[in-house]
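Read off the chains here:
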Amino acid sequence: MLTRRQFLATAAVTAATYAHASRAFAAQRPKYDLIIRGGRVIDPSLRLDAIRDVAISGGRIAAVEANIAADAAEAAEIIDARGKLVVPGLLDIHTHVARSAEGPGLVLQDGVTGWIDAGSQGADHIADAIAVARSSPQQGRVLLNIGRAGILTDGDTMDLARADVNAARDAIAKNREFIVGVKARLSRGVAGDDYEVLRRAQEAASAFGLPVMIHMGQTTAPIARLVDLLKRGDVVTHLFAPPPNSIVDDDGHIVPAVLAARRRGVWFDVGNGQTGHMRWDTIDAIMKAGFWPDTFSTDWNTTSRTTGVIDFPNCMSKLLGHGMTLSEAIACATVNASRTFPVFNDRGTLNVGAPADVALLELREGNFEFLDNYNNKITGRQRLFPSGTVLAGKRIPRA
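Residues numbered from 1 in each chain as written. Predicted model: local features only at pLDDT ≥ 70, side-chain atom pairs only at ≥ 80, totals over all residues. Heavy atoms only, no water.

**Student:** Tell me what's going on with the pattern of salt bridges, and back it up with residues and numbers.
**Tutor:** Overall, the coordinates contain 18 salt bridges when judged by the stated rule. The salt bridge involving Lys231 is made with Asp234; its shortest N-O contact spans 2.9 Å. Residue class for Asp234 comes out buried when judged on its relative accessible area of 0%. One network of salt bridges, with partners in common, ties together Glu196, Arg199, Arg200 and Glu203. (Salt bridge = Lys/Arg side-chain N within 4 Å of Asp/Glu carboxyl O. Buried < 20%, exposed > 50% of the residue type's maximum accessible area, 1.4 Å probe, protein only.)

Shown next, in the form of C-alpha cells:
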C-alpha cells in the first residue's frame, strides 16, 4: 500500500511525463493544415498581385506571405501552385445549379465556392431548389421566381395570375434562410406585362427587405421604365443583351435611367447564358461607353459545358480582350460579387481570418475562340482554365 508521500511522488512523475509527451506531440503537429505554395496570388480585395504562399488552418486563411516554410513540420498538406493563379473562391450570383442535385459538385470543380440559383423555381416548387441548396457542399442560396410555377417554356408570367405576390411572400416567410431575393424574368415571350410583373416582384421582396434581380433584354417595356422601379441592392442581369431595349441606345450612349440606377446602387451583372443575352457588337458598344459590369456570372445549367458558357473561368476570359485587366475580371467574380448578397459578405477575399475558399486557375496564352449567344465568334489571346479548388480549407479532388 502506497503512503501519502509515495502517492504524491508518483502523481508528480506521471504529470511531468504527460506534460512532456503533450509538448512533444504539439511540437510534431504541423503548424498549418495546408499551404498553397508559390502561386501568383491575385486578390483585388487586398490589392494584391504577387507570388505568395497561402497558409490555411482550421478552415480559415492563416497567412498570405512570401516564402512560408513548407516542410512537414509546417504543413500537413502542400499544394504546389507554381505557374498558377491563386484567387479567392469564385462566387457565381446567377446560376441554375439548383435544378440538379449534381449541380453544386460540378461547379465546385470550376472553382465556384458560392452560388445563387436565379429563379429556377417559384412558390409552388421552391422546396425542390432549397433541397439542393441545403445539401450543397459550398454555400448555395436561391432567388424565388415571382412566377409561382418557376421557369416555364411557355413563359413564367405570360399569364399574369402566376405573378402571385401572396404565394411568393408565404414561400419567403417559410424559407427565409435560403431565399435571398426575388427573380423577375422580363423578356417578351417570358413575361406578358413585364412592368406589372416587376412591380409585383418588388412588392413581394420589399416585405422582407430583399433585392430583386431582373432578367432584361428584348423586353416589351422600355428599359428606362423598368429600371426606374429598381432600388439600391437590386441586380440587373444580362446587361449585354442586345436590342430591343438594350441599356445602350443606337448612338452608343448608355440610357440615362440606367446611369441613374447605377448611381443609386443597382448592380449590373453579365449573366452569360446561352440564348439572347450577349452579342459582341452590343458588348463592344457598352464597354466603349465605359459601362463595365459589376459582376460576372454564368447563368449555368447542366448543359453549359457544351455551349459558349463552358465554365465560369471561360466566361471571365471573354472581356480580357475588351480592355478589362485580369485583376478587374477576378474582382467581378470575387470581392464585387461578395457585396451583392449578405450571405457572401465574408467571402471573395483571402484576408487572414476569412473562410479558406480558394480557386486555382491557369492563365494560358494562345488563340482561343469565344462565342456569344448568337453563334458569333471572336478570338482572344488569353483564357482562364480551372485547375483546383479548396473549400473550407480542404482540397477538392479533381474529377
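**Student:** Tell me about the packing of aromatic side chains, and please be specific about residues and values.
**Tutor:** For the coordinates displayed, the defined rule picks out two aromatic pairs. With a centroid separation of 4.9 Å and an interplanar angle of 85 degrees, the aromatic rings of Phe268 and Phe291 are classed as edge-to-face. Placement of Phe268 in strand β12 (residues 267-268) and of Phe291 in the loop between α8 (280-288) and α9 (312-317) is noted, with a sequence separation of 23 residues between them. A single burial state applies to Phe268 and to Phe291, both of which are buried. Summarising the aromatic geometry, the rings of Phe368 and Phe385 are spaced 6.0 Å apart at their centres and angled 65 degrees between planes, so their arrangement reads as edge-to-face. Residue Phe368 is found in strand β13 (residues 358-371), and its partner Phe385 is found in strand β14 (residues 377-391); the two are separated by 17 residues along the sequence. The same class applies to Phe368 as to Phe385, namely buried. One Lys or Arg, Arg262, reaches over the ring of Phe291 and ends 3.8 Å from the middle of that ring. (Phe/Tyr/Trp six-rings, centres within 6.5 Å; stacked < 30°, edge-to-face > 60°. Helix = DSSP H or I, 4+ residues; strand = E, 2+ residues; numbered from the N terminus. Lys NZ or Arg CZ within 6 Å of the ring centre and 35° of its normal.)

**Student:** Please give an account of the environment of Ala191 that cites residues and values.
**Tutor:** Within the secondary structure, Ala191 is located in the loop between β9 (179-185) and α5 (194-206). Ala191 sits in the buried class, given a relative accessible area of 2%. C-alpha of Ala191 to C-alpha of Leu350: the two residues are 159 residues apart in sequence and 41 Å apart in space. When neighbours within four sequence positions are excluded, Ala191 is seen to be in contact with Thr157, Met158, Arg185, Leu186 and Val197. (Contact = heavy atoms within 4.5 Å.)

**Student:** Could you give an account of unusual backbone geometry, with specific residues and numbers?
**Tutor:** Residue Pro244 follows Pro243 across a cis peptide bond; omega there is 0 degrees. Tracing the sequence through the fold places Pro244 in the loop between β11 (235-237) and α7 (256-263). The phi dihedral of Ala392 is positive, around 50 degrees, even though this residue is not glycine. With respect to the element layout, Ala392 can be found in the loop between β14 and β15 (394-396).

**Student:** Hey, could you go over the nonpolar core for me, with residue numbers and the actual values?
**Tutor:** Ranked by internal contacts, the top residues of the largest apolar core, which has 82 residues, are Ile146, Phe240, Ile247, Val258 and Phe296. Sequence-distant contacts of Phe296, defined by excluding residues within four places in its chain, comprise Leu91, Asp269, Val270, Phe312, Cys315, Met316, Leu319, Met324, Ala329 and Cys332. Leu34, Leu48, Ile56 and Ile79 belong to the second-largest nonpolar core, a separate cluster that totals 17 residues. (Core = buried A, V, L, I, M, F, W, Y, C linked by side-chain atoms within 4.5 Å.)

**Student:** Any details on α8? Residues and values, ideally.
**Tutor:** Inspection of α8 places Trp280, Thr282, Ile283, Ile286 and Met287 among the buried residues, and these make up the whole buried set. For α8, the angular spread of buried residues about the axis comes to 155 degrees, placing them on one side. Buried positions along α8 lie against β13 and β14. Directly after α8, the chain includes Gly290, whose backbone phi takes a positive value near 80 degrees. (Arc of directions from axis to C-beta.)

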